[in-house]
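Understanding the architecture of this molecule
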Amino acid sequence: GGINSSARKFDIIRIFYGYNTKPFMVQLDSDGKTNDAELIPNTNKLSTLSWDISQSTNIFEVKFKGDSSPLIFGISLETEKGIAVDNIPIRGSSGTDFTKTDMDFMKAMLSKLNAKLIILQFGVNVVPNIVGSYKYYQNQLYNQIQAIQSALPDASIIMIGVSDVSRKEGLNYTSYPNIEKIRDAQKQAAFKAGVPFWDCYKAMGGKNSMAAWENAKPPLASKDFIHFTYRGANLIAEMFYAALISEYEGYLEKRIKPTNKQVVTKIDSTNISK
């Protein structure tokens, strides 16, 4: 439950594979019948295979067969039109892992996915490590954004800042003292790279807001004072979406309005003396 009905509709299955040293068979069965079977030759790069599938299909299976296991990087369920949203959870990450990966492969994958907007949301995992300055983190994040920009120059990037995190001090839960320093480091990294920043901490209500969210009825945050409940996550999403669309509407207004004063001069024969 809770998934938008449009997310359940798809008419294309796409398989991402590659770097297989030997050929392999791939077969698509839908509702117990074989739709298609293909022999995939060996390849030394990222490749895709697409199949159309009827929306009336109830159950489908993708079967692989070969002498050595093929490398399957993902199966995507898509439509021809609309917006596809991929959520990639990297648990425990502070957002500094992109430069550690194979950038050529990431470039190929983002290109095949036709990614046009990349939203980065990190910071909570940096909070427990309290240090005097987060300049190192700012530099790391800037390098990450630059790496993504070089891999996909046409894509837009938005950075969502750290949310509030609370810890117990005496009998009360209060914000970690370094939250705003981490938020500022993220903001500076984003601005230096020329990408917009959305301040999640401020949107929540700033200092000690996580405790207020946990105390809400029903709760908007979990009892660890770090993570949101499903209801809280939805609220954050709605706030971010409202901010994004507000900025976009402002952009459209500026784009449509004429920039120069327009002068129309009318001349007709009645004004000309004989």
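Residues numbered from 1 in each chain as written. Predicted model: local features only at pLDDT ≥ 70, side-chain atom pairs only at ≥ 80, totals over all residues. Heavy atoms only, no water.

Brief notes about the overall build of the protein chain
What counts here: Think of it this way: any DSSP run of H or I at least four residues long counts as a helix, any run of E at least two long counts as a strand, and we number them from the N terminus. When checking whether two residues touch, look at their non-hydrogen atoms; a contact exists if any pair is within 4.5 Å. For the accessible areas, the method is Shrake-Rupley and the probe is 1.4 Å, while residue cover comes only from the protein chains on display. For this count, His and the chain ends are skipped, Lys and Arg are scored as positive, and Asp and Glu as negative. Where a charge sits is defined by one atom per residue type, namely NZ (Lys), CZ (Arg), CG (Asp) or CD (Glu).
Within the protein chain, the regular secondary structure consists of 6 helices and 11 strands. Taking the principal axes of the C-alpha coordinates as reference, the protein chain spans close to 90 × 80 × 40 Å. For the protein chain, restricting intrachain contacts to residue pairs at least 6 apart in sequence, the fraction spanning at least 24 positions comes to 70%. Accessible area for the protein chain stands at about 18100 Å²; split by element, carbon and sulfur atoms hold 52% of it. With 32 positive and 27 negative side-chain charges, the protein chain shows a separation of 7 Å between the mean positions of the two kinds.

With respect to the sheet that holds strand 1 (residues 12-18)
This is how the line gets drawn: Strands pair, by our definition, only if DSSP identifies at least two bridges between them. A fitted line through C-alpha atoms represents every axis, and for helices the fit uses only the stretch in contact; the resulting angles, taken between N-to-C directions, go from 0 to 180 degrees.
Strand order in this open sheet of 3 strands is 4-1-6, and the pairing throughout is antiparallel. The strands lining the two open edges of the sheet, one partner per strand, are strand 4 (46-52) and strand 6 (71-78). Averaged over all pairs of adjacent strands, the angle between strand axes in this sheet comes to 20°, irrespective of strand direction. Sheet strands in contact with helix 1 (residues 103-113) are strand 1, strand 4 and strand 6, and its direction is about 20° off that of strand 4.

Re the pairing of strand 10 (residues 172-175)
Two elements, strand 9 (residues 166-169) and strand 10, share 4 bridges in a ladder whose sense is antiparallel. Across the sheet, residue Ser 166 finds its bridge partner in strand 10, namely Ser 175. Turn length for the strand 9-strand 10 hairpin, with the two strands adjacent in sequence and antiparallel, is 2 residues, and the turn residue Gly 170 shows positive phi of about 70°.

Things to note about the nonpolar core
To be explicit about the condition: Put simply, a nonpolar core is a bunch of buried Ala, Val, Leu, Ile, Met, Phe, Trp, Tyr and Cys residues held in one set by side-chain atoms that sit within 4.5 Å of each other. Only protein chains enter the accessibility calculation, which uses a 1.4 Å probe; a residue whose area is less than 20% of its type maximum is buried, one above 50% is exposed, and one in between is partly exposed.
In terms of nonpolar packing, the biggest core is built from 31 residues, with Ile 118, Leu 120 and Tyr 137 touching the most fellow members. Residue assignment for this core shows that the elements contributing at least two residues are helix 1, strand 7 (117-121), helix 2 (135-151), strand 8 (156-160) and helix 3 (179-192). Those residues in contact with Leu 120, other than ones at most four positions away along the chain, are Phe 98, Ile 145, Ile 148, Ile 157, Ile 158, Met 159 and Ile 160. Counting residues in hydrophobic clusters, the runner-up holds 13 residues, among them Trp 198, Ala 211, Trp 213 and Leu 220.

Brief notes about the pattern of salt bridges
Convention followed: Counted as salt bridges are all cases of a side-chain nitrogen of Lys or Arg within 4 Å of a carboxyl oxygen of Asp or Glu.
Under the defined criterion, the tally for this structure stands at 8 salt bridges. Its salt-bridge partner being Asp 97, residue Lys 100 comes within 3.5 Å of it at the nearest N-O pair. Of the charged contacts in the structure, one is a salt bridge between Asp 184 and Arg 183, with a shortest N-O distance of 2.7 Å. The class for Arg 183 is buried, based on a relative accessible area of 11%. Look at the salt bridges and you will find they share partners, linking Glu 180, Arg 183, Asp 184 and Asp 199 into a network.

As for the packing of helix 2 against helix 3
For clarity, the threshold we go by: The sense of a crossing depends on the near helix, which, turned anticlockwise from the far helix by less than a right angle, makes the crossing left-handed and, turned clockwise, makes it right-handed. When residues are grouped by polarity, Ala, Val, Leu, Ile, Met, Phe, Trp, Tyr, Cys and Pro land in nonpolar, Asp, Glu, Lys and Arg in charged, and all others, Gly among them, in polar.
Remark: helix 2 packs on helix 3, axes separated minimally by 8 Å, with the N-to-C direction vectors making an angle of 35°. Our pair here, helix 2 against helix 3, has a crossing hand that is right-handed. From helix 2, Tyr 137, Gln 138, Leu 141, Tyr 142 and Ile 145 reach across to helix 3, where they touch Ile 182, Ala 185, Gln 186, Gln 188, Ala 189, Ala 190 and Lys 192. Of the residues that constitute the contact of helix 2 with helix 3, the class distribution is 8 nonpolar, 3 polar and 1 charged.

Comments concerning the packing of aromatic side chains
Our working definition: Two aromatic rings, drawn from Phe, Tyr or Trp (for Trp, its six-membered ring), form a pair once their centres lie within 6.5 Å of each other, and the interplanar angle then sorts them: stacked below 30 degrees, edge-to-face above 60, tilted otherwise. Counting as a charge over the ring demands two things of the Lys NZ or Arg CZ atom: a distance within 6 Å of the ring centre and an angle within 35 degrees of the ring normal.
Within this structure, the stated rule accounts for 13 aromatic pairs. Aromatic pair Tyr 136 and Tyr 137: ring centres 6.4 Å apart, planes at 50°, arrangement tilted. Relative accessible area serves as the criterion here: at 35%, Tyr 136 is assigned to the partly exposed category. What makes Tyr 137 buried here is its relative accessible area of 1%. Taken together through their ring pairs, the aromatic side chains of Tyr 17, Phe 24 and Phe 64 make up a single cluster. Over the ring of Tyr 176 we find Arg 167, and its NZ or CZ is 5.0 Å from the ring centre.

Thoughts on helix 2
We apply this condition: The length a helix should cover is 1.5 Å for every residue beyond the first.
For helix 2, with 17 residues, the first-to-last C-alpha span of 25 Å sits near the 24 Å given by 1.5 Å per residue. Of all the positions in helix 2, only Tyr 137, Gln 138, Leu 141, Tyr 142, Gln 144, Ile 145, Ala 147, Ile 148 and Ala 151 are classed as buried. Close packing links the buried residues of helix 2 with helix 1, strand 7, strand 8 and helix 3.

A short note on the packing of helix 1 against helix 2
The test is simple: Angle categories are assigned with fixed cut-offs, so that under 35 degrees is roughly parallel, over 145 is roughly antiparallel, 65 to 115 is roughly perpendicular, and the rest are oblique.
Their axes nearest at 9 Å, the elements helix 1 and helix 2 cross at an angle of 55°. With respect to their mutual orientation, helix 1 and helix 2 come out oblique. Crossing handedness for the pair helix 1 and helix 2: right-handed. Along its contact with helix 1, which presents Met 103, Met 106 and Lys 107, the element helix 2 presents Ala 147, Ile 148, Ser 150 and Ala 151.

The analysis is restricted to geometry; functional conclusions fall outside its scope.
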